[in-house]
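Spelled out from the first residue to the last, the chains are:
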Amino acid sequence: MTTAVGLSGHEQGSGHGDTAAGGRSAVAARASQVVKAYGAGETRVVALDGVDVEMARGEYTAIMGPSGSGKSTLMHCLAGLDTVSSGQVFLDDTEISGLGDKQLTQLRRDRVGFIFQSFNLLPTLNAIENITLPMDIAGRRPDPAWLRRVVETVGLTDRLKHRPSELSGGQQQRVAVARALAARPEIIFGDEPTGNLDSRSGAEVLDFLRRSVDELGQTIVMVTHDPVAASYADRVLYLADGRIVDEMRRPTAELVLDRMKAFDGRGRTS
Ligand code: ADP
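Peer 1: Sorry, what's going on with the sheet that holds strand β10 (residues 243-249) here?
Peer 2: Sheet strands pair via backbone hydrogen bonds, and the direction of the pair is either parallel or antiparallel. What the six strands build is an open sheet, ordered β6-β7-β8-β3-β9-β10; its pairing is mixed. Each edge of the sheet is formed by a strand with only one pairing partner; in this case those strands are β6 (112-115) and β10. Averaged over all pairs of adjacent strands, the angle between their axes in this sheet comes to 20 degrees, without regard to strand direction. Here strand β9 (residues 235-240) pairs with β10 via six bridges, running antiparallel. Bridge pairing in β10 places Y238 opposite D246. On the sheet, helix α1 (residues 71-78) packs against β3 (60-64), β7 (187-191), β8 (220-223) and β9 and is oriented at approximately 155 degrees with respect to β7. Contacting β3, β9 and β10, helix α8 (residues 253-262) crosses the sheet at an angle of about 150 degrees to β10.

Peer 1: Is there a simple way to think about the site of the ligand in this case?
Peer 2: Surveying the vicinity of the ligand reveals the residues Y38, V45, A47, P66, S67, G68, S69, G70, K71, S72 and T73. Separating an oxygen atom of the ligand from a backbone N or O atom of G68 is a distance of 2.8 Å. Among the secondary structure elements, those contributing two or more residues to the shell around the ligand are β2 (45-56) and α1. If one sorts the elements of the shell around the ligand by residue count, α1 sits on top with three residues.

Peer 1: I keep staring at the packing of helix α5 (residues 169-182) against helix α6 (residues 199-216) and nothing clicks. Help me out?
Peer 2: In the contact formed by α5 and α6, the axes pass within 9 Å of each other and the chain directions differ by 20 degrees. When the axes of α5 and α6 are compared, the pair comes out roughly parallel. Seen from above, α5 lies across α6 with right-handed handedness. Within the contact between the two elements, α5 uses G170, Q173, R174, V177 and L181 and α6 uses S201, E204, V205, F208, L209, S212 and L216. Tallied by class, residues from the contact of α5 with α6 come to six nonpolar, four polar and two charged.

Peer 1: What is the right way to look at the nonpolar core in this model?
Peer 2: Proteins that are soluble and globular tend to have nonpolar side chains buried together. In this structure, Y60, I131, L156, L209, V236 and V256 are the most contacted members of the largest nonpolar core, which totals 44 residues. Sort the elements by how many residues they give to this core and α5 lands first, with seven residues. Once residues within four sequence positions are removed from consideration, L209 is found in contact with Y60, I115, V177, P193 and I220.

Peer 1: Is there a simple way to think about the environment of R235 in this case?
Peer 2: Within the secondary structure layout, R235 lies in strand β9. Of the residues examined, R235 reaches a relative accessible area of 0% and is grouped as buried. Sequence separation between R235 and M248 is 13 residues; the distance between their C-alpha atoms is 5.5 Å.

Peer 1: Help me understand the pairing of β3, please; the structure alone is not making it clear to me.
Peer 2: Look at any regular strand and the pattern is simple: side chains alternate between the two faces of the sheet. With five of five residues buried, β3 is to be regarded as a mostly interior element. Here four bridges tie β3 to β8, and the two strands are oriented parallel to one another. Bridging from a neighbouring strand, T61 pairs with V221 of β8. Bridge count for β3 against β9 is four bridges, and the pairing is parallel. From the neighbouring strand, I63 faces β9, where its bridge partner is L237.

Peer 1: For this particular structure, what's the right way to read the environment of M64?
Peer 2: Topologically, M64 is positioned in strand β3. Judged by its relative accessible area of 2%, M64 falls in the buried class. On a C-alpha basis, the gap between M64 and M260 in space is 8.9 Å, while along the polypeptide they are 196 residues apart. Those residues within four positions of M64 in sequence are excluded, and the remaining contacts are K71, T224, H225, D226, P227, A230, V236, L237, Y238, L239, V256 and M260.

Peer 1: For this particular structure, what's the right way to read the sheet that holds β2?
Peer 2: One open sheet accounts for four strands, arranged β2-β1-β4-β5; its pairing is antiparallel. Strand pairing shows two members of the sheet lacking a second neighbour, β2 and β5 (94-95), which therefore form its edges. Judged from the nine bridges that link them, strand β1 (residues 27-38) and β2 form a sheet pairing that is antiparallel. Residue pairing across strands places Y38 opposite V45, the latter belonging to β2. Packed onto the sheet, α1 meets β1, β2 and β4 (86-91) and runs at close to 55 degrees relative to β2.

Parameters at a glance
Residues numbered from 1 in each chain as written. Predicted model: local features only at pLDDT ≥ 70, side-chain atom pairs only at ≥ 80, totals over all residues. Heavy atoms only, no water. Pairing = 2+ DSSP bridges. Helix = DSSP H or I, 4+ residues; strand = E, 2+ residues; numbered from the N terminus. Axes fitted to C-alpha atoms, helices over the stretch in contact; angles between N-to-C directions. Contact = heavy atoms within 4.5 Å. Near = heavy atom within 4 Å. Polar contact = N/O pair within 3.5 Å; in protein donor to acceptor, adjacent residues only side chain to side chain. Parallel < 35°, antiparallel > 145°, perpendicular 65-115°, else oblique. Left-handed = near helix turned anticlockwise from the far one by under 90°. Nonpolar A, V, L, I, M, F, W, Y, C, P; charged D, E, K, R; others polar. Core = buried A, V, L, I, M, F, W, Y, C linked by side-chain atoms within 4.5 Å. Buried < 20%, exposed > 50% of the residue type's maximum accessible area, 1.4 Å probe, protein only.

Written out as structure tokens, the structure reads:
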């Protein structure tokens, strides 16, 4: 099944003026007939079974589905963290499924942002040092105006000299969000970015992710099992057994929960 690229709904990046950098085409990431199998022979597991999907630039996508349905594998293949067994993956116009390790490392560093469940901040660095660390390592100078805007968007202006231990979990994750945004990546991937947060801190982070899409033109793809988290997205993709089986636009937590229950013949999601 091919899922359509929706350019309606929220404004697209090109309409924002000072938007997230990089990327020219309306499709930020694309998978075409992607198969990913682990192991061989009797132990072979097909994690992705012919996935076709497109992520529109400036759009916020949530990926949901039961445990083992292939959510993380899809995200890893789209982000260049894992290779595909067959099929093609594109980041903008670059086919990443043909790249070697070194090129993939460079592509991830220069063009992709990540937010993980564990915040992965360095404890000895303060907030602003953590935010600029990946760019420092890459030898790139942050654009001061953009950095200011990112810091304001995630509401950290008065916390920049604090170390992670002096920040709440929600604030630490906002630092991680700002770190991902600072380099103006073409796309940000999140793996359960609010999984370790209480609901109030989680809502804060989700709100900032939403604002980064609306105000900064960011493209975001996020794996989640949480209907509330998914409701912040423009679009929810549902995976089952390595295939995209459904999608929902303009989700609400209630609609997502109803849809999960409808699929729940197969049990819990995670
Ligand atoms: P989800 O994120 O939806 O829980 P995953 O993408 O982690 O699902 O896994 C999809 C399927 O692929 C599962 O059956 C899982 O056991 C298998 N799988 C994932 N990673 C590996 C791996 N490194 N080696 C072997 N099997 C794997």
